Amino acid sequence: MSTESPQETIRKQNHEDGSPTRPGFKMQAFTSLLLLCSFIAMLLSGVMLYLSPMGRVAKWTDWSLLGLGKEEWAAVHINNSILFLAAAILHIYFNWRLLVAYLTKKARGAGRRQLELGLAVVLTIAVVGGTIYNLPPFSTVMAWNEQIKRYWEARSPAAPAPHAEEFTIARLAEMYSLPPDEVVAVLTEAGFECPSPESRVRDVAESKGVPPAVLFQTLRERFPQIQSPNGASPGPGFGRGMGMGRGFGMGRGFGMGGFHDDESSLPDASEH
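In short, a report on the structure. None of these values were measured; they are calculated from a predicted model. (Residues numbered from 1 in each chain as written. Predicted model: local features only at pLDDT ≥ 70, side-chain atom pairs only at ≥ 80, totals over all residues. Heavy atoms only, no water.)

Focus: helix α4 (residues 70-94)
Argument step 1. With 25 residues, α4 should reach 36 Å at 1.5 Å per residue; the first-to-last C-alpha distance of 36 Å fits that figure.
Argument step 2. For α4, the set of buried residues is Trp73, Asn80, Ala87 and Ala88.
Argument step 3. In this fold, the buried residues of α4 make contact with α2 (27-50), β1 (64-65) and β2 (68-69). (Helix = DSSP H or I, 4+ residues; strand = E, 2+ residues; numbered from the N terminus. Expected span 1.5 Å × (residues − 1). Buried < 20%, exposed > 50% of the residue type's maximum accessible area, 1.4 Å probe, protein only. Contact = heavy atoms within 4.5 Å.)

Listed below in structure tokens is the structure:
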């Protein structure tokens, strides 16, 4: 008859250091969970990109949603897509025999899978073909996306030129026949760090923690010869902003209602 105490019996069943035994690492379970997690991240970033404005608008206004800008959401989406692809390859590898059995009818009842396989192939072809040939409902999804982009563009201050945030201060000054050194002096006085006329507009704006549109507004207030890109006269300044921009509860943000000819023509946020 054993005289071991219950504690000693449990200790023998554990590792030598007394730590409880753990089941081995299950690669198949890990792959399935990785596939799920990367899919969720990819889905979230895809939705954020669907709701985002055009790239030039996002860069000019420093747009963001849930704390991340469009470029950051794109990076998240791309990298998680790669992770999802890698997990999918591993998942196929670990389930290769079952997959082959389905396709070659070696598994019991595999003949009943022909309908599922055929439907999956047809549905995939329908989505790809319908998207390429711009057929509904796929064209409707893209039309909604275009409406969202136009919505953001209508509510955002227009840039003097596409991707003006990449211009140097000298090039921006040249557009309006302004002395570059004087522009640098004005920006420095306004609190921007502008070492030279060759500094990029985007970098100078970031030095103060504001979007490039705010830098441009600063110059417009100082130099009357700078007209707004849409030909409107300067408005009251910071007014209606981007509800999902970096501000108003979601980070840095601003409103530039004065850039529009007629604010009443802008879509109301409650309608979207």
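Having seen the model, we can carry on.
Quick notes on the packing of α2 against α4
Argument step 1. Where α2 meets α4, the axes come as close as 8 Å, and the angle between the chain directions of the two elements is 150°. The angle between the axes of α2 and α4 places the two elements in the roughly antiparallel class. Taken as a pair, α2 and α4 cross one another with a handedness that is left-handed.
Argument step 2. The class makeup of the residues in the contact of α2 with α4 is 18 nonpolar, 10 polar and one charged. (Axes fitted to C-alpha atoms, helices over the stretch in contact; angles between N-to-C directions. Parallel < 35°, antiparallel > 145°, perpendicular 65-115°, else oblique. Left-handed = near helix turned anticlockwise from the far one by under 90°. Nonpolar A, V, L, I, M, F, W, Y, C, P; charged D, E, K, R; others polar.)

Concerning the nonpolar core
Argument step 1. Counting 26 residues, the largest nonpolar core has Ile169, Val183, Leu187, Leu215 and Leu219 as the members making the most contacts within it.
Argument step 2. Breaking this core down by element, the ones donating at least two residues are α8 (169-175), α9 (180-189), α10 (201-208) and α11 (212-222).
Argument step 3. Tallying contributions element by element places α11 first for this core, with five residues.
Argument step 4. In contact with leucine 215, other than residues within four places in its own chain, are Leu172, Leu187, Phe192, Val201, Val204 and Ala205.
Argument step 5. Ranked by size, the runner-up nonpolar core spans eight residues in total, among them Ala58, Leu65, Trp73 and Tyr151. (Core = buried A, V, L, I, M, F, W, Y, C linked by side-chain atoms within 4.5 Å.)

Comments concerning the pattern of salt bridges
Argument step 1. Considering all chains together, one arrives at eight salt bridges under this definition.
Argument step 2. Notably, a salt bridge pairs glutamate 189 with arginine 222, separated by 3.5 Å at the nearest N-O pair. Taken together, the positions of glutamate 189 in helix α9 and arginine 222 in helix α11 put the pair 33 residues apart, joining distant regions of the chain.
Argument step 3. Taking the relative accessible area as the measure of exposure, glutamate 189 reaches 62% and is therefore exposed.
Argument step 4. Arginine 202 is the partner of glutamate 206 in a salt bridge, and the nearest nitrogen-oxygen pair spans 3.8 Å. Remark: arginine 202 and glutamate 206 occur in helix α10; sequence separation between them is four residues, near one turn of the helix. (Salt bridge = Lys/Arg side-chain N within 4 Å of Asp/Glu carboxyl O.)

Brief notes about the environment of isoleucine 89
Argument step 1. Checked against the element boundaries, isoleucine 89 lands in helix α4.
Argument step 2. By relative accessible area, which is 52% here, isoleucine 89 ends up exposed.

A word on unusual backbone geometry
Argument step 1. Cis geometry is found at the peptide bond from proline 136 to proline 137, where omega equals 5°.
Argument step 2. Within the element layout of this structure, proline 137 appears in the loop between α6 (114-132) and α7 (138-154).
Argument step 3. In this structure, asparagine 134 takes a positive phi of about 55° despite not being glycine.
Argument step 4. In this fold, asparagine 134 is placed in the loop between α6 and α7.
Argument step 5. Judged by relative accessible area, which is 51%, asparagine 134 ranks as exposed.
Argument step 6. Positive phi outside glycine occurs at histidine 163, with the angle close to 55°.
Argument step 7. The topology assignment puts histidine 163 in the loop between α7 and α8.
Argument step 8. Of the residues examined, histidine 163 reaches a relative accessible area of 38% and is grouped as partly exposed.

A look at a nonpolar patch on the surface
Argument step 1. On the surface, Ile92, Trp96, Leu99, Leu103, Leu117, Val121 and Ile125 cluster together into a nonpolar patch covering about 660 Å² of accessible area.
Argument step 2. Contributions of two or more residues to the nonpolar patch are made by α5 (96-104) and α6.
Argument step 3. On the accessibility criterion, valine 121 (41% relative accessible area) is partly exposed. (Patch = residues over 30% accessible without salt bridge, like charges linked within 9 Å, V, L, I, M, F, W, Y side chains within 5 Å. Areas by Shrake-Rupley, 256 points an atom, 1.4 Å probe, with all protein chains shown as cover.)

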